[in-house]
Amino acid sequence: MNGIYFVLEKLHIPNIGLAIILFTLIIYLLMTPLQIRQQKFSKMNAVMQPELQKIQKKYKGKKDQESMMKMNEETQAVYQMYGVHPMGSCVQLLIQMPILLSLYQVIYRIPGYITSAREIFTELVNKIVSVNGYETILNEFVSENRIVMHSKIVEGSTSNNVVIDFLYALSPSQWDKLADLDKFSGFTDVINSTSDKIADVSQFLGMNIADSPMSIIQSSINSHSYLLLIGAILIPVLAWLTQWLNYKLIPQPASSNRDGQMSTMESSMRTMNNVMPIMSAVFCLSLAVGIGIYWIAGAVIRSIQQVVLNKYMEKIDLDKLIQQNQEKMAKKRAKAGLPPQKITQQARQNVRKIEEPEVDEEKLAAERAEKREKERQQSTEYYKNASAKPGSLAAKANMVRQFDEKNSRNSKKK
């Protein structure tokens, strides 16, 4: 951020809001390989889902440890066969979280991270700390104007950094009130010049990037600043709209169930895709405008990337992609001492077992008994109708048959 702001300053357009947009652009360009990887995982996941569902159906209702272990082994075999990792879609999200948390700190403490922004306050801070009892004056000002600060002004131990944090938290109307204080009347011109300079740096479309849209809405209603009110409302609205558009551009796999009904996971994902944009709008109301700018810019950049990625993914040969994934997986597993070819064959054997339909043992036994009965009847008919040679096996079988039939008739007569 400091480097980006330095470049903007050289271009004579120093603005933190613009720096955030450029920062977001750079971050998402750097994460493009991860986004491509995530899209490939999603495309591969659509192919794997039928096989994964077969495993779930096979072990449905089985909660014993042996069954759970076998289910896990067969699931891993499917992932191994296609050369993907179960956590392949989470990397991008895990990287974004620390960036967002760090950016949150930067936005609320711009002078602490942007050298040029800090220098704007240097002259005014020196003037303020030279006034006797300035800590008491500032504390009273904070209390009367309900200023939210992330550091506390303590009499006798307040550093220049705390005074800078105080000045950075002021709104335009509060700057005017600060200039009207009798104790600071000797350097009113310095207060006004500092206010003008920091406004050019920290304001974006008339809004201070450290203020929340909710506080801006409340102050704009009181001051009848309707343009500012519209701008504050647009932040959460655009956060919702751009996030929703981004989710819509991401290809959604068709339902993997034959009857067209969504699985529990598919239903949860679609619900999350509808809820998350709304949550973004809610969060943007209470968080700093700068965070809203980051979210909006990020969603717009991702949407543009997604349009390009969709065209790129349409041209990908899925069989070739699976082969490439298997080769990468084989190299990783080979380092663990297991030959890559053996791993792939093992995975295919495990998956082949998964694809075999479940056998009904009772039905199979009945079919075998029926088959044996038919074979016996066919054999009996053969020996009955065959012209057997004397002393042959068939002749002996006929003698036994005739003896049994004779005994059977005698029994019926009796």
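These numbers come from a predicted model, not from an experiment.

Engineer: So what's going on with the overall build of the protein chain? Residues and values would help.
Structural biologist: For the protein chain, the helix and strand inventory stands at 19 helices and two strands. Out of the 414 residues belonging to the protein chain, those deemed buried represent 36%. Of the contacts formed within the protein chain by residues at least 6 apart in sequence, a portion of 70% connects residues at least 24 apart. In the form shown here, the protein chain has an accessible surface area of approximately 25,800 Å², with 57% of it arising from carbon and sulfur atoms.

Engineer: Give me helix α8 (residues 134-145): which residues, what numbers.
Structural biologist: For α8, with 12 residues, the first-to-last C-alpha span of 16 Å sits near the 16 Å given by 1.5 Å per residue. Every buried residue of α8 is accounted for by Tyr134, Glu135, Ile137, Leu138, Phe141, Val142 and Asn145. For α8, the angular spread of buried residues about the axis comes to 160 degrees, placing them on one side. Of the exposed residues in α8, the ones pointing more than 90 degrees away from its buried face are Ser143 and Glu144. As for α8, its buried residues are in contact with α7 (115-129), α9 (160-168) and α10 (172-179). The positive-phi residue at the C-terminal boundary of α8 is Arg146, with phi of around 50 degrees.

Engineer: Could you give me a rundown of the packing of aromatic side chains, with the residues and numbers involved?
Structural biologist: Counted according to the given criterion, the structure contains five aromatic pairs. Ring geometry for Phe141 against Phe166: centres 5.9 Å apart, planes inclined by 80 degrees, an arrangement best described as edge-to-face. With Phe141 in helix α8 and Phe166 in helix α9, this pair connects stretches of sequence that are 25 residues apart.

Engineer: Give me the lowdown on the packing of helix α12 (residues 213-223) against helix α13 (residues 226-249), citing residues and values where you can.
Structural biologist: Two quantities define a packed helix pair, namely the angle between the axes and the distance from one axis to the other. At a minimum axis separation of 8 Å, α12 and α13 run at an interaxial angle of 160 degrees. Classified by the angle between their axes, α12 and α13 sit roughly antiparallel to one another. In this structure, the crossing between α12 and α13 has a hand that is left-handed. Along the contact surface, α12 presents Pro213, Ile216, Ile217, Ser220 and Ile221, while α13 presents Leu228, Leu229, Ala232, Ile233, Ile235 and Pro236. Classifying every residue of the contact of α12 with α13 by side-chain character gives 10 nonpolar, one polar and no charged.

Engineer: Explain the pattern of salt bridges residue by residue, including any values.
Structural biologist: The final tally for this structure, using the stated rule, is two salt bridges. Note that Glu74 and Lys58 form a salt bridge whose closest N and O atoms lie 3.2 Å from each other. Here the residue Glu74 occupies a position in helix α4 (residues 65-82), and Lys58 occupies one in helix α3 (residues 32-58), the gap between them amounting to 16 residues. On the basis of relative accessible area, Glu74 is assigned to the buried category, the value being 12%. Note on Lys58: relative accessible area 24%, which makes it partly exposed. The shortest N-O distance in the salt bridge between Glu66 and Lys70 comes to 3.4 Å. Within this pair, Glu66 and its partner Lys70 are both found in helix α4, separated by four residues, close to a single helical turn. On the accessibility criterion, Glu66 (51% relative accessible area) is exposed.

Engineer: How would you sum up the environment of Ser215? Please name residues and give values.
Structural biologist: Mapped onto the secondary structure, Ser215 falls in helix α12. Classification of Ser215 as partly exposed rests on a relative accessible area of 31%. Sequence-wise, Ser215 and Leu287 are 72 residues apart; in three dimensions their C-alpha atoms are separated by 9.9 Å.

Engineer: So what's going on with the side chain of Asn15? Residues and values would help.
Structural biologist: As for its position among the elements, Asn15 is in the loop between α1 (2-10) and α2 (16-30). Among the polar contacts listed, one links the side chain of Asn15 to the backbone nitrogen of Leu18, at a separation of 3.0 Å. Here Asn15 is in contact with Tyr5, Leu8, Asp200, Val201, Gln203 and Phe204, once residues within four sequence places are set aside.

Engineer: Got a sec to walk through α2? Specific residues and values, please.
Structural biologist: End to end, α2 covers 21 Å across 15 residues, agreeing with the expected 21 Å (1.5 Å per residue, within 8%). Within the sequence span of α2, burial applies to Ile16, Gly17, Ala19, Ile20, Phe23, Thr24, Ile27 and Tyr28. All buried residues of α2 fall inside an arc of 160 degrees around its axis, so they share one side. At the N-terminal boundary of α2, the capping side chain belongs to Asn15, with an oxygen 2.9 Å from the backbone nitrogen of Gly17.

Engineer: Quick rundown of unusual backbone geometry? Include the residues and the values.
Structural biologist: With a phi close to 50 degrees, Arg146 is a non-glycine residue in the positive phi region. Along the chain, the position of Arg146 falls in the loop between α8 and α9. For Arg146, a relative accessible area of 75% translates into the label exposed. For Leu205, which is not glycine, the phi torsion reads 55 degrees and is therefore positive. Mapped onto the elements, Leu205 comes out in the loop between β1 (203-204) and β2 (207-208).

Engineer: Before we move on, could you go through the confidence of the model for the protein chain and cite the residues and values that matter?
Structural biologist: Low pLDDT means the predicted coordinates in that region are not meant to be read closely. Of the residues in the protein chain, 71% reach a pLDDT of 70 or more, and the chain-wide mean stands at 76. Looking across the protein chain, the model is least confident in helix α17 (residues 340-355), with a mean pLDDT of 48, and most confident in α1, with 91. Counted against residues more than four places away or in other chains, residues 341-352, with its pLDDT under 50, gives 15 contacts.

Engineer: Now, about the environment of Gly3: what can you tell me, with residues and values included?
Structural biologist: With respect to the secondary-structure elements, Gly3 resides in helix α1. The spacing of Gly3 and Ala19 is 16 residues in sequence and 9.3 Å in space, taken between C-alpha atoms.

Calculation criteria
- Along each chain, the written sequence defines residue order, and numbers are assigned to residues from 1.
- Reporting in this predicted model follows two pLDDT cut-offs: at least 70 for local features of residues, and 80 or more for side-chain atom pairs to be given and counted; totals over whole chains, interfaces and linings ignore these cut-offs and use all residues.
- Heavy atoms throughout the structure, all of them, feed into the side-chain values; hydrogens and water do not.
- Counting from the N terminus, the helices are DSSP H or I runs at least four residues long and the strands are E runs at least two residues long.
- Accessibility here uses a 1.4 Å probe with only protein chains present; expressed as a share of the type maximum, an area under 20% marks a residue as buried, one over 50% as exposed, and anything in between as partly exposed.
- Between two residues, a contact is recorded if the distance between any of their heavy atoms is within 4.5 Å.
- Using the Shrake-Rupley algorithm and a 1.4 Å probe, accessible areas are obtained, with residue cover drawn only from the displayed protein chains.
- For a helix, the expected span equals 1.5 Å multiplied by the number of residues minus one.
- Summarising the geometry, the arc corresponds to the directions from the helix axis toward the C-beta atoms.
- Only Phe, Tyr and Trp rings take part, Trp by its six-membered ring, and two of them pair if their centres are within 6.5 Å. Stacked means planes under 30 degrees apart, edge-to-face means over 60, and tilted covers everything else.
- Fitted lines through C-alpha atoms serve as axes, helices being fitted only where they are in contact, and the angles separating the N-to-C directions of these axes extend from 0 to 180 degrees.
- Comment on the angle field: the value is read as roughly parallel under 35 degrees, roughly antiparallel over 145, roughly perpendicular from 65 to 115, and oblique elsewhere.
- Crossing handedness: left-handed means the near helix sits turned counterclockwise from the far one by under a right angle, and right-handed means the same turn made clockwise.
- In this classification, Asp, Glu, Lys and Arg are treated as charged, Ala, Val, Leu, Ile, Met, Phe, Trp, Tyr, Cys and Pro as nonpolar, and every other residue, Gly included, as polar.
- Each salt bridge in this description consists of a side-chain nitrogen of Lys or Arg and a carboxyl oxygen of Asp or Glu lying within 4 Å of one another.
- For the purposes of these results, a polar contact is taken to be a pair of N or O atoms within 3.5 Å, where, inside protein, one atom must be able to donate a hydrogen and its partner to accept one; residues adjacent in sequence count only when each atom of the pair is a side-chain atom.
- As a per-residue measure, pLDDT tells how confident the predictor is, with possible values from 0 to 100.

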